[in-house]
Amino acid sequence: MSPGKQASKSEAAAAMAAGARLELMRRRVRLSRVAVLTAVAAGPIALCVAVASTPTTVQAATAAKPSAVRTAVAAADPGGYAQLFLSAWLRSSAGEETSAQARLAHSMAPGVDLPDPASDAHPAPLSVTAVRTAQRDGGAWSVTVAVQYADGSVRYYALPVIADRAGTSFTVTGAPGVVAGPARASVPKSPYGVTVPEGDLSSAVEEFLAAYLTGAGEVDRYLAPGVTVAPLSPAPYTAVAVQQVSAIEEAATAGEVPADGTKVRVQASVEARDAAGRWPLAYELTLKARSGRWEVAALECGTARDGGAR
């Protein structure tokens, strides 16, 4: 027999074998379907048996190894805890261990002795405020607390505080210590170095702030499209006068409203009045030019939200 005929017969035999294997697989699939349908009719137990015994040609995917997830626990600031303790400690006395303030101080700092003030000692503090916290090693903190008295004097105390690993439990570990107050930081030069003359921009600022602070007029009419400002309710003042407007950009000094889309950032010094007196206030705003007028695009104090102004 010629080599060509032998090759033809080999190819035919291979094709027949492949066809037989394919037909066998089809029969298995048909039998599996029949078994499952029969099991469904017979009940849930038979269905489980049929599924378990049904051959499958799909290999289960290898389960992915779970990736390690690190959950960082933010260190809780114990400033409020130290503030509360010092307030109770200053209002307690060693001669009155059962008073509410003494019990509170002991519960927050079991190992700290109470003061023993004289009868003519400094009166109770007017306010107690945590002004600085510094974290140390091993869950330890140092908290500086300012105590203000009715006569205007201020005294600063440093308190050692320990926190647990979760930052949910605190204990004052030692008696307070009187320390010097924080130093005054140097003030950087203001970026608002451009004086805004009287004109369209300063008028827009004054009209907006008057409506915002006195409730006279609608605030929305001064806002750029898509910008919202949470109202002050009730309006706190009866009159508002803008004393000075300063800007960052030179475009704020233009005599006419510039092209649409021009933005300027300004700071307005305001004098507000109510029945109790006059109050100097300051506001930072962003204004945008549109259709020949200035509109407020942002009030930089957390009350304005840009909803897509353009």
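Our structure's up above, just so we're on the same page.
The structure presented is a predicted model; accordingly, all values stated were derived computationally and were not measured.

Further remarks concern the overall build of the protein chain. From N to C terminus, the protein chain includes 5 helices and 12 strands. Taking contacts inside the protein chain between residues at least 6 apart in sequence as the whole, the part at least 24 apart equals 51%. Carbon and sulfur atoms make up 55% of the accessible area of the protein chain, which amounts to about 20100 Å² in all.

The next subject is the packing of helix 3 (residues 79–90) against helix 4 (residues 100–108). Here helix 3 crosses helix 4 at 140°, and the two axes come no closer than 8 Å. Accordingly, the angle class assigned to the pair helix 3 and helix 4 is oblique. The chirality of how helix 3 crosses helix 4 is left-handed. Between helix 3 and helix 4, the residues in contact are Tyr81, Leu84, Phe85, Ser87, Ala88 and Trp89 and Gln101, Leu104, Ala105, Ser107 and Met108, respectively. Split into classes, the residues belonging to the contact of helix 3 with helix 4 amount to 8 nonpolar, 3 polar and no charged.

All right, on to the nonpolar core then. Grouped together as the largest cluster of nonpolar side chains are 33 residues, with contacts concentrated most on Phe208, Val266, Leu285 and Leu287. Looking at which element gives the most residues to this core, the answer is helix 5 (residues 200–214), with 8 residues. Those residues in contact with valine 266, other than ones at most four positions away along the chain, are Tyr192, Leu201, Val205, Val245, Ser246, Ala247, Tyr283, Glu284, Leu285 and Leu287. Residues Val112, Trp141, Tyr157 and Leu159 belong to the second largest nonpolar core, which totals 23 residues.

Take the sheet that holds strand 10 (residues 277–290) next. Spatially, 5 strands are ordered 6-8-9-10-11 in an open sheet, and the strand pairing comes out antiparallel. Looking along the sheet, the strands with just one partner apiece sit at the ends: strand 6 (194–195) and strand 11 (293–299). By the bridge criterion, 12 bridges tie strand 9 (residues 263–274) to strand 10 in an arrangement that is antiparallel. By the bridge assignment for strand 10, arginine 273 is matched with arginine 278.

Time to look at the pattern of salt bridges. Scanning all chains against the criterion turns up 5 salt bridges. Of the charged contacts, one joins arginine 265 and glutamate 249 as a salt bridge, the two residues approaching to 2.7 Å between their closest N and O atoms. In this pair, arginine 265 sits in strand 9 while glutamate 249 sits in the loop between strand 8 (239–247) and strand 9, placing the two residues 16 residues apart along the sequence.

Looking now at the pairing of strand 11. Within strand 11, 6 of the 7 residues are buried, which leaves it mostly tucked inside the rest of the structure. As defined by bridge partners, strand 10 adjoins strand 11 across 6 bridges and the pair is classed as antiparallel. Residue pairing in the sheet places threonine 286 in a bridge with alanine 298 of strand 11. Between strand 10 and strand 11, which pair antiparallel and follow one another directly, the connecting turn spans 2 residues, one of which, serine 291, has a positive phi of 55°.

Right, let's get into the packing of aromatic side chains. Under the counting rule described, the total for this entry stands at 3 aromatic pairs. Taken together, a centroid distance of 6.5 Å and an interplanar angle of 90° make the contact between tyrosine 212 and tyrosine 283 edge-to-face. You can see tyrosine 212 sitting in helix 5 and its partner tyrosine 283 sitting in strand 10, a full 71 residues away along the chain. Across this residue pair, the class does not change: tyrosine 212 and tyrosine 283 are buried. Pairwise contacts between aromatic rings join Phe208, Tyr212 and Tyr283 into one cluster.

Quick notes on the rules
- Residues numbered from 1 in each chain as written.
- Predicted model: local features only at pLDDT ≥ 70, side-chain atom pairs only at ≥ 80, totals over all residues.
- Heavy atoms only, no water.
- Helix = DSSP H or I, 4+ residues; strand = E, 2+ residues; numbered from the N terminus.
- Contact = heavy atoms within 4.5 Å.
- Areas by Shrake-Rupley, 256 points an atom, 1.4 Å probe, with all protein chains shown as cover.
- Axes fitted to C-alpha atoms, helices over the stretch in contact; angles between N-to-C directions.
- Parallel < 35°, antiparallel > 145°, perpendicular 65-115°, else oblique.
- Left-handed = near helix turned anticlockwise from the far one by under 90°.
- Nonpolar A, V, L, I, M, F, W, Y, C, P; charged D, E, K, R; others polar.
- Core = buried A, V, L, I, M, F, W, Y, C linked by side-chain atoms within 4.5 Å.
- Buried < 20%, exposed > 50% of the residue type's maximum accessible area, 1.4 Å probe, protein only.
- Pairing = 2+ DSSP bridges.
- Salt bridge = Lys/Arg side-chain N within 4 Å of Asp/Glu carboxyl O.
- Phe/Tyr/Trp six-rings, centres within 6.5 Å; stacked < 30°, edge-to-face > 60°.

Function-wise, these values are silent; they only describe arrangement.
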